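Architecture at a glance
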Amino acid sequence: MAFADSYLGRLRALIGDRLVLMPGARIVIERADGCILLQKRNDFGVWGLPGGNAEEGEDLEAVVIRETAEETGLVVSDVEPFGFGCDPQYETFRFPNGDRTQFFVLMFCTRSFEGGAAVTDDESSAVGWFAVDSFPEMLPNIERSIDAYFRFKTTGKFQMI
């Protein structure tokens, strides 16, 4: 779907670059060898997790499944919520085009997926699997999300970040 056709794109046409509060989802996909899938974002030029914004009538589990397929070509299953990102210090962005958004993001994880990871949309310039000790430069909210995932794995406690 083109951005202009999305819920947020249609909203932006009405409100311009004003701050918008946006629900969404992101996912940590972990391979059996412990590597995590990241995508290099075209807008900020750094790496992030697959995910995105809700469309009308869509629940957040559906968002993360759809966005993962759109952005990476992977079909994920057995997605489990592990945390919620809502700290405005980390979840508020001014995009290169001037748009401002504060995200409220349910974070999911899975080790169940089918397909091969590939760039499948115009939001990313690359996708890749990274070992924990070799992560590339990421957005701060993504670093916090991955840290929260590892805390969740250790403690089993839902993470509010």
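Everything discussed here concerns the structure shown above.
Please read all numbers here as calculations on a predicted model, not as lab measurements.

**Some points on the sheet that holds strand β3 (residues 47-48)**
- Strand order in the open sheet formed by three strands is β3-β2-β10, with antiparallel pairing between adjacent strands. The open sheet has two edge strands, β3 and β10 (124-130), and neither has a second partner.
- Inspection of the sheet shows strand β2 (residues 36-41) paired to β3 by two bridges, in the antiparallel sense. Note on β3: the bridge partner recorded for Gln39 is Gly48.

**Examining the packing of aromatic side chains**
- In total, this model carries ten aromatic pairs according to the counting rule given.
- Between Phe82 and Phe152, the aromatic rings sit 5.9 Å apart at their centres with planes inclined by 40°, giving tilted as the arrangement. In this pair, Phe82 sits in strand β6 (residues 80-85) while Phe152 sits in helix α4 (residues 140-155), placing the two residues 70 residues apart along the sequence. As far as the burial class goes, Phe82 and Phe152 line up, both buried.
- Taken together through their ring pairs, the aromatic side chains of Phe44, Phe93, Phe95 and Phe103 make up a single cluster.
- In this structure, Arg144 packs its charged tip against the face of Tyr90, placed 4.0 Å from the ring centre.

Conventions used here
- Residues numbered from 1 in each chain as written.
- Predicted model: local features only at pLDDT ≥ 70, side-chain atom pairs only at ≥ 80, totals over all residues.
- Heavy atoms only, no water.
- Pairing = 2+ DSSP bridges.
- Helix = DSSP H or I, 4+ residues; strand = E, 2+ residues; numbered from the N terminus.
- Phe/Tyr/Trp six-rings, centres within 6.5 Å; stacked < 30°, edge-to-face > 60°.
- Buried < 20%, exposed > 50% of the residue type's maximum accessible area, 1.4 Å probe, protein only.
- Lys NZ or Arg CZ within 6 Å of the ring centre and 35° of its normal.

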